[in-house]
Amino acid sequence: MDDLLRRLNDRLSAETALVVAYSGGADSALLAFAAARVLGARALAVTAVSPSLAAAERSAARAFARRHGLAHLEVCTDEAERPEYAANGRDRCYHCKSALFDALAPLAAAMGARMALGTNLDDLGDHRPGQRAAAERGAVTPLVDAGLTKADVRALSHELGLVTADKPAAPCLASRVSYGDPVTPEILRKIETAEAALRDLGFPVCRVRAHAQGTLARVEVPSEEIPRAAEVRTRIDAAVRDAGFTFCSLDLSGFASGRLNALLPLLPL
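For clarity, every value in this text was computed on a predicted model and none was experimentally measured.

*Asks:* Is there a simple way to explain the sheet that holds strand E4 (residues 114–116) in this structure?
*Replies:* On the basis of which strands lie adjacent, the open sheet formed by four strands has the order E3-E2-E1-E4 and parallel pairing. Every interior strand has two partners, whereas the edge strands, strand E3 (72–76) and E4, have only one. The sheet shows a mean angle of 30° between the axes of neighbouring strands, direction not considered. Strand direction decides the pairing type here: strand E1 (residues 18–21) and strand E2 (residues 43–49), joined by four bridges, are parallel. Across the sheet, Leu 18 pairs through a bridge with Ala 43, a residue of E2. Across the sheet, helix H2 (residues 26–39) touches E1, E2 and E4, and the angle it forms with E1 is around 165°.

Structure below.
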């Protein structure tokens, strides 16, 4: 742990100032916390607010920032108004991150800072078009530069006493919409409402994937939770339908991040 922290601190010490894209997840929380410790007032954590950010995630990000005394701002991003993003092609994340950096750039310029993302080494092997947007805008990835994997992020967060150490991954709500189906505020609200209901039913790790123009919800829970989900299927079905979906299905393969990437080969380049 000492070596991990030293490597991260050394990397952050090389920056004059940083504006950290801070969603409140384990990666960005560690980066924002460490940047504040190393750079002090020269570090700013910024949360992008849009329909793709769940209200619970926004609240948690605020609470973490207050608890640790982080300099924290929220900015509204306009990706939902960009046709390329709403079309939900294979490069949706590129347009989302472009909107993020358009919002962060003026803050970074005012501070004489660089923009930073909480990307870790494990993220580099996944389909993440947003990384191209980051590279084009000159954003840095201190966790990658310090050689931190996701496991390292969680272990170091535990060592530092951060509540985000065991926080389940919570990508943006748009990542639940089937590629090729338009991303709309209505679909995002339905997904957010359905997932909140599932958590209330005792499934803290879950995904509601929207298919068929937002009429079909494909519910994912961890494999070991599928038998229990089957037992309460009528309650799950009612909750999902109450959220606005017409059909509800339970994926028997269980939860896994990035499951919608299986659709990428079916999309035009």
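Next comes the rest of the write-up.
*Asks:* I'm lost on the packing of aromatic side chains in this one. Help?
*Replies:* The way to describe two aromatic rings as a pair is by their centre distance and the angle between their planes. A complete count under the given rule lists one aromatic pair for this structure. We note Lys 190 situated over the ring of Phe 245; from NZ or CZ to the ring centre the distance is 5.0 Å.

*Asks:* Can you walk me through helix H5 (residues 92–111) in this structure?
*Replies:* A turn of α-helix holds 3.6 residues, and therefore any two residues three or four places apart point the same way. Here H5 spans 29 Å end to end across 20 residues, near enough to the 28 Å set by a 1.5 Å rise per residue. Leu 104 marks the point of greatest bend in H5, at about 35°, and the proline Pro 106 comes within the next four residues. Buried residues along H5 sit against E1, E2, E3, helix H4 (83–86), E4 and helix H6 (130–136). Looking one or two residues beyond H5, the residue adopting positive phi is Gly 112, at roughly 65°.

*Asks:* What am I meant to see in unusual backbone geometry here?
*Replies:* Excluding glycine, residues mostly have negative phi values, and the peptide bonds linking residues are mostly trans. Phi is positive for Asn 88, which is not a glycine, with a value near 60°. With respect to the element layout, Asn 88 can be found in the loop between H4 and H5. At Gln 213, a position not held by glycine, the phi torsion is positive, near 60°.

*Asks:* Looking at this structure, I do not really get the sheet that holds strand E5 (residues 207–211). What am I missing?
*Replies:* What holds strands together in a sheet is hydrogen bonding between their backbones, with the strands either parallel or antiparallel. Taken in spatial order, the three strands of this open sheet run E5-E6-E7, and their pairing is mixed. Whereas interior strands pair on both sides, the edge strands pair on one side only; in this sheet they are E5 and strand E7 (247–250). Across the sheet, the mean angle from the axis of one strand to that of its neighbour is 25°, orientation sign disregarded. Inspection of the sheet shows strand E6 (residues 216–220) paired to E7 by four bridges, in the parallel sense. Across the sheet, the residue bridging to Ala 217 is Cys 248, located in E7. Most of the contacts of helix H11 (residues 233–242) go to E7, to which it runs at about 135°, and overall it touches E6 and E7.

The rules behind each value
The residue count restarts for each chain, going from 1 along the sequence in the order it is written. Per-residue local features are limited, in this predicted model, to residues with pLDDT of at least 70; the limit for side-chain atom pairs, both in listing and counting, is 80 or more; totals at the level of whole chains, interfaces and linings are taken over all residues. Only hydrogens and water are removed before side-chain values are computed, so all heavy atoms of the structure are retained for them. DSSP calls a pair of strands paired once it identifies at least 2 bridges connecting them. Each helix is a run of DSSP H or I of at least 4 residues and each strand a run of E of at least 2, with the numbering of both proceeding from the N terminus. To obtain an axis, a line is fitted to C-alpha atoms, over the contacting stretch when the element is a helix, and the angle between two such axes runs from 0 to 180 degrees between their N-to-C directions. Residue contacts are counted whenever heavy atoms from the two residues lie within 4.5 Å of one another. Here a Phe, Tyr or Trp ring, Trp counted by its six-membered ring, pairs with any other such ring whose centre lies within 6.5 Å, and the pair is stacked when the planes are under 30 degrees apart, edge-to-face when over 60, and tilted otherwise. Two limits define a charge over a ring: the Lys NZ or Arg CZ must be within 6 Å of the ring centre, and within 35 degrees of the ring normal. In this analysis, the expected span of each helix is defined as 1.5 Å times one less than the number of residues it contains. Throughout, bend refers to the angle between the axes fitted to the seven residues that end at a position and the seven residues that start at it.

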